[in-house]
Amino acid sequence: MDQYVDVVLPIPLEKLFTYRVSAEIASTLKQGMRIAVPFGKSKIYTALVYRLHNNPPQAYEAKDIHEVIDTLPLVTELQLQHWQWIAEYYMCTLGEVFRSAVPGAFLLESETLVLKNTSRDIEEQLLNNQEFMILEALENKGSLRIREVSEILDKKTVLPILNRMMEKGYIELQETLHSMYKPKQIRTVRIHPKYKSEEALVSLLDELSRAPKQREVLLTLFQVQAETKKPMSTVELQKKSGTTAGIIRTLLDKGILEEEMIRTDRISFQGESDLLETPELSDFQRKSLDEIRGAFKEKDVVLLHGVTSSGKTEVYMKLMESVLSEGKQVLYLLPEIALTTQLISRLQQCFGGKVSVFHSKFSLNERVEVWNNVRKGAEKARVVIGARSSLFLPFSQLGLVVVDEEHENSFKQYDPAPRYHARDTAVVLASLHRAKVLLGSATPSLESFYNVKSGKYGYSKMDQRYGGVLLPEVHLVDIRDASRRKKMTGHFSDTLKKQIENTLNLGEQVILFQNRRGYAPIVECTTCGHAPQCPNCDVSLTYHQGRNQLRCHYCGFHELMQSQCKACGSSTLDTKGFGTEQIEKELEGMFPEARVGRMDLDTTRGKYAYEKIITAFAKQEFDILVGTQMVTKGLDFRHVNLVGIMNADSLLNFPDFRAHERSFQLLTQVAGRAGRTEKRGTVLIQTYNPGHNVLQQVVAGDYLELYREQMEQRREYHYPPVNRIIKISFKHREYNTLNEAASWFGKAMRNVFGEHVLGPEFPPVARIRNQYIKQLLLKIPREQSLSKTKNSIKRIENSFNAISWYRSVRVIYDVDYF
């Protein structure tokens, strides 16, 4: 008797899809296993088994599955529960969570194969040249991929030709699954068994007396294998014997050596075998550790509020050590991939090969191997360091989750769905595993501190730096006054310029922070005022001098820098504003002897780009590092004694209710990079408004005053953490359709929620990639049921989609908009 299986497909479907399976196959299926299923007319997808049952679907006839991919579940039961929570809380589908959660290599995609139609006789004289070439290749090969057809014809677009051939009955198209994961294989060699005895080997060496290089290879291999009892890779043998691949190939051809391909793990620890003890804690660190352990007895989440350079990482490591001794796993979440570079070496010194890293800069194959190691509970994946995506790994014995720099907005996923916040999602993950969560920050988010004040989270504070180092002196530089007195050189005040000069003379390093990449955000014609705009977005193009290009930072559009204005033809083009590239250029003019490095999205695109820049700066290969907010996040440089913030006002004046909180966090964090050893550091903040409350709070290091002031405003205007917030965005190519649809949705929302609805309004950038955008905000009081609110919104969306005119408008939900 047939049974039925509900599956999760990696596409945004509101419901699970049902397929038919035989009783025999059903007996082998378990929740979390992958199966290949047909969906639509001809596509085959990788789906995840959710549940088995005996009830056929009522709305459609169930198809048979294509094949079973796994013998053991890829995804655990707890993972599926976690995904279900994410889908419900963040108002997306389980399929979207599935696609985002697993490495792409696990989602086997179907590929179109071209086959010759053998049931028909083809008259060659009726074929044109292209058709003849395809059929001739099929005669020789049997089947072709689309890419191979493209190469044969030397054409990019081949689908119209294939469609015509299919209509004529010459060929058939077939979907087949292909895997993107390829295990890493190492070519190894060993001495042929017939030469294992001492006599045979001596005889062989005598024979090779006239071939000294071949003899050297054999002696090296014999010596290494006697010690290790393992096959040796050909690359290693070449290095150790000082010979070439050709000599090894000759020995293989003679049958003296045997070749074997051995599967190996891409993720391996290359460090020293002697591990260091975890660092000895100071008195205040030990006190904090005891407070955290005490709080964990009553609460599952604790906030560690420690000033910059107070040694929070050492406290984390002590906690990790005790969790690992219980045989459990640790997840260490970081907001930026850049931070993993410094942290990995610190953790590996103490935990060695137990440390694995997981983030988006890794290749598909590397991510698959980390996933498999975590799933198996392998020793090499007891500690996982990663960015937000590492939350989705298949932990089985999770004991502790550390969320470092928990205030960072990089923990929020914006596109595509699920639009989750890694900190909040980590708390739910830990509760499913009955694990503990430690949140760490020098500038906690208002949400986390509010949870401490309301008794939901435990709390520990470290208010002094490790080793008795003083916090840096923070000074405000009034650049309005400096400009009036003509005490500015480019974008540098005389005060900042003099301090950089003094710091460089002492052989120390400088970090300069400007939260905008490129050379200048606007190029303007001084004759007619025209500024080049992106054709796809409502933004001006940013000038990148290094590439001599104008680029859009939203859609990637770029063109060569113009020598004349496109509007009036004048050559009087000028730049407005400044980015990291311009700061770098000005520094080269002012300090020609200084070595200047830049760290922004343009210079950190490669897998090891972060590591190269951070390592070079740590080794003092640069004197000055210019960067965007990447340089603010938890990096530890021993020789930095001056930090300069080029313009604090652009942060403070951002149109967002969190602008002041974020400015305080960002400025305090970047200030914390200064003076992390014996000598007290200096921080200079350039601003047109030195009297601003937030800047005064940064100078005083007064987080509690910022919290009090911001909470007053949040209560008055009903913003988080006092209220919850959901942002609903509407996107469409047609301006009028979008306007009408957003107004209808806004009116329906107001009928249900009244004055708690703001908008719909156009955001500051109202068109991106030729899609117009409108947004509305819903403020939800804490006492109001969140699930009932979401159900009401979904009912409104169902009515909205029933109107054919609005159906093409995309509706996007962002719960806990950050």
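Below, the structure is looked at part by part. (Residues numbered from 1 in each chain as written. Predicted model: local features only at pLDDT ≥ 70, side-chain atom pairs only at ≥ 80, totals over all residues. Heavy atoms only, no water.)

## Structural notes on the overall build of the protein
Selection rule: For the purposes of this entry, the term helix denotes a DSSP run of H or I that reaches at least four residues, the term strand denotes a run of E that reaches at least two, and both are numbered from the N terminus. Atoms considered for the radius of gyration are the C-alpha atoms alone. The globule rule reads 2.2 Å times the number of residues to the power 0.38. Each residue gets one of three labels from its accessible area relative to the maximum for its type: buried under 20%, exposed over 50%, partly exposed in between, using a 1.4 Å probe on protein chains only. The contact criterion used is simple: two residues touch if any of their non-hydrogen atoms lie within 4.5 Å. Only the protein chains shown count as cover for residues, with accessible areas throughout obtained via the Shrake-Rupley method and a probe of 1.4 Å. By the counting rule applied here, Lys and Arg register as positive and Asp and Glu as negative, while His and the ends of each chain are not counted. In plain terms, the charge of a residue is placed at NZ if it is Lys, CZ if Arg, CG if Asp and CD if Glu.
Scanning the protein from N- to C-terminus turns up 26 helices and 37 strands. Over its C-alpha atoms the protein spans a radius of gyration of 31 Å, differing by no more than 12% from the 28 Å that the globule rule assigns to 818 residues. With respect to the principal axes defined by its C-alpha atoms, the protein has extents near 85 × 75 × 70 Å. Expressed as a percentage of its 818 residues, the buried residues of the protein come to 52%. A fraction of 74% describes how many contacts in the protein between residues 6 or more apart in sequence connect residues 24 or more apart. Working note: accessible area of the protein is about 38700 Å², and carbon and sulfur atoms make up 48% of it. Charged side chains of the protein number 109 positive and 99 negative; the gap between the two group centres comes to 2 Å.

## Some points on the packing of aromatic side chains
Centre-to-centre distance and the angle between the planes together describe a pair of aromatic rings. Applied cut-off: Stacked, edge-to-face and tilted are the three classes for Phe, Tyr and Trp ring pairs, Trp counted by its six-membered ring, which pair at centre distances within 6.5 Å; planes under 30 degrees apart are stacked, over 60 edge-to-face, the rest tilted. For a ring to carry a charge above it, either NZ of a lysine or CZ of an arginine must fall within 6 Å of the ring centroid while also lying within 35 degrees of the normal to the ring plane.
Within the structure shown, the criterion is met by 26 aromatic pairs. With a centroid separation of 5.4 Å and an interplanar angle of 70°, the aromatic rings of Y519 and Y543 are classed as edge-to-face. With Y519 in the loop between β23 (509–513) and β24 (522–525) and Y543 in strand β25 (residues 542–544), this residue pair connects regions lying 24 residues apart in the sequence. The exposure class of Y519 is buried, given its relative accessible area of 15%. For Y543, a relative accessible area of 10% gives the class buried. Three or more aromatic residues joined by ring pairs form one cluster here, namely F17, Y19, F39, Y45 and Y60. One residue, K779, lies across the ring of Y719, its end atom 4.0 Å from the ring centre. Here the basic side chain of K790 rests over the ring of Y89, its NZ or CZ set 4.1 Å away from the ring centre.

## Considerations on the pairing of strand β33 (residues 723–732)
Rules: Note on pairing: two strands pair once DSSP finds at least 2 bridges between them.
In terms of burial, β33 is a largely internal element, nine of the ten residues being buried. Bridge count between β33 and strand β36 (residues 771–781): ten bridges; the pairing is antiparallel. What sits directly across from N723, in β36, is P781. With six bridges joining them, β33 and strand β37 (residues 810–815) adopt antiparallel strand pairing. Bridge pairing in β37 links S729 to I812.

## Some details on the nonpolar core
Keep this limit in mind: To qualify as a nonpolar core, a set must consist of buried Ala, Val, Leu, Ile, Met, Phe, Trp, Tyr and Cys residues joined through side-chain atoms within 4.5 Å.
Grouped together as the largest cluster of nonpolar side chains are 112 residues, with contacts concentrated most on W83, I728 and M749. In terms of residue count, helix α25 (residues 735–753) provides more of this core than any other element does, seven residues in total. Setting aside residues up to four positions removed in sequence, M749 forms contacts with I728, G754, V757, L776, L778, I793 and I796. Grouped together as the second largest cluster of nonpolar side chains are 32 residues, M320, V323, V330 and C350 included.

## Focus on the sheet that holds strand β2 (residues 17–21)
Formally: An axis is simply a line fitted to the C-alpha atoms; with a helix, the fit covers only the stretch in contact. Between two such axes, the angle follows the N-to-C directions and lies from 0 to 180 degrees.
Taken in spatial order, the six strands make up an open sheet running β5-β2-β1-β4-β3-β6, and their pairing is mixed. This sheet does not close on itself; its edge strands, each paired only once, are β5 (63–64) and β6 (67–68). By the bridge criterion, two bridges tie β2 to β5 in an arrangement that is parallel. Counterpart to Y19 in the pairing with β5 is K63. Where helix α3 (residues 94–101) meets the sheet, it contacts β1 (3–8) and β4 (43–53), and its direction lies at approximately 115° from that of β4.

## Details of helix α22 (residues 659–671)
Residues spaced three or four apart along an α-helix face the same direction, because each turn holds 3.6 residues. Using the following cut-off: One fewer than the residue count of a helix, multiplied by 1.5 Å, yields its expected span.
For α22, with 13 residues, the first-to-last C-alpha span of 18 Å sits near the 18 Å given by 1.5 Å per residue. For α22, a buried count of eleven out of 13 residues is recorded, marking the element as mostly surrounded by other parts of the structure. Along α22, the residues that are buried comprise A659, E661, S663, F664, Q665, L666, L667, T668, Q669, V670 and A671.

## Some thoughts on the side chain of Q562
For clarity, the threshold we go by: Here a polar contact is taken to be a pair of N or O atoms separated by no more than 3.5 Å, where protein atoms must pair a possible hydrogen donor with a possible acceptor and residues adjacent in sequence count only if both atoms sit in side chains.
Summarising the element assignment, Q562 is placed in the loop between β27 (558–560) and β28 (573–576). Overall, Q562 belongs to the buried group, its relative accessible area being 13%. Of note is the side chain of Q562, whose polar atom sits 2.8 Å from the side chain of E559.

## Some points on the pairing of strand β32 (residues 682–687)
Residues in a regular strand project their side chains so that they alternate between the two faces of the sheet. Of all six residues that make up β32, six are buried, and the element is covered over most of its length. Side-chain alternation along β32 places T682, L684 and Q686 on one buried face and V683, I685 and T687 on a second face that is also buried. Bridge count for strand β20 (residues 473–478) against β32 is six bridges, and the pairing is parallel. Bridged to L476 within β32 is I685. Judged from the four bridges that link them, strand β31 (residues 640–645) and β32 form a sheet pairing that is parallel. Counterpart to L642 in the pairing with β32 is T682.

## Considerations on the pattern of salt bridges
Using the following cut-off: Salt bridge criterion: a side-chain nitrogen from Lys or Arg within 4 Å of a carboxyl oxygen from Asp or Glu.
A complete count under the given rule lists 33 salt bridges for this structure. Of the charged contacts, one joins D415 and R419 as a salt bridge, the two residues approaching to 2.7 Å between their closest N and O atoms. In this structure R419 comes out as buried when scored by relative accessible area, which is 7%. Look at the salt bridges and you will find they share partners, linking D2, R20 and D64 into a network.

## Notes on the environment of Q464
Following the sequence through the fold, Q464 ends up in the loop between β19 (458–462) and β20. Distance from Q464 to N373, taken between C-alpha atoms, is 39 Å for residues 91 residues apart in sequence.

## Notes on the environment of Q562
Linking Q562 and N548, residues 14 residues apart in sequence, is a C-alpha distance of 9.1 Å. With near-sequence residues (within four places) excluded, Q562 lies in contact with P532, L550 and L573.

## With respect to the packing of helix α11 (residues 283–296) against helix α12 (residues 312–325)
Under the convention used in this document: By definition in this entry, angles of less than 35 degrees are roughly parallel, angles greater than 145 are roughly antiparallel, angles of 65 to 115 are roughly perpendicular, and the rest are oblique. In this scheme, a crossing is called left-handed if the near helix is turned counterclockwise away from the far one by less than a right angle; it is called right-handed if the turn is clockwise. Here the term charged refers only to Asp, Glu, Lys and Arg, the term nonpolar to Ala, Val, Leu, Ile, Met, Phe, Trp, Tyr, Cys and Pro, and the term polar to all other amino acids, Gly among them.
Two elements in contact, α11 and α12, have axes whose closest approach is 10 Å; the angle formed by their N-to-C orientations is 50°. By the criterion of interaxial angle, the relationship of α11 to α12 is oblique. The handedness of the crossing between α11 and α12 comes out as right-handed. Contacts between α11 and α12 involve Q285, L289, I292, R293 and F296 from the former and E314, V315, K318, L319 and S322 from the latter. Across the contact of α11 with α12, the residue classes tally to five nonpolar, two polar and three charged.

## Structural notes on helix α26 (residues 786–801)
Here is the rule we go by: Summarising the geometry, the arc corresponds to the directions from the helix axis toward the C-beta atoms.
Look at α26: 23 Å from first C-alpha to last across 16 residues, which is about the 22 Å you get at 1.5 Å a residue. Residues of α26 that are buried include every one of L786, T789, K790, S792, I793, I796, E797 and F800, and no others. Projected down its long axis, α26 carries its buried residues within an arc of 155°, all on one side. Projecting away from the buried face of α26 at angles above 90 degrees are the exposed residues K788, R795 and N798. The secondary structure elements touched by the buried residues of α26 are α2 (77–89), β33, α25, β36 and β37.

## Looking at the side chain of E406
With respect to the helices, strands and loops of the structure, E406 is situated in the loop between β17 (398–404) and α15 (422–433). Taking relative accessible area as the criterion, E406 reaches 0% and is therefore assigned buried. Within the local environment of E406, its side chain forms a polar contact with the side chain of S448, the two groups lying 2.8 Å apart. Those residues in contact with E406 that lie beyond four places of it in its chain are L303, F411, R423, L439, G440, S441, P444, S445 and S448.

Just distances and angles here, no functional claims.
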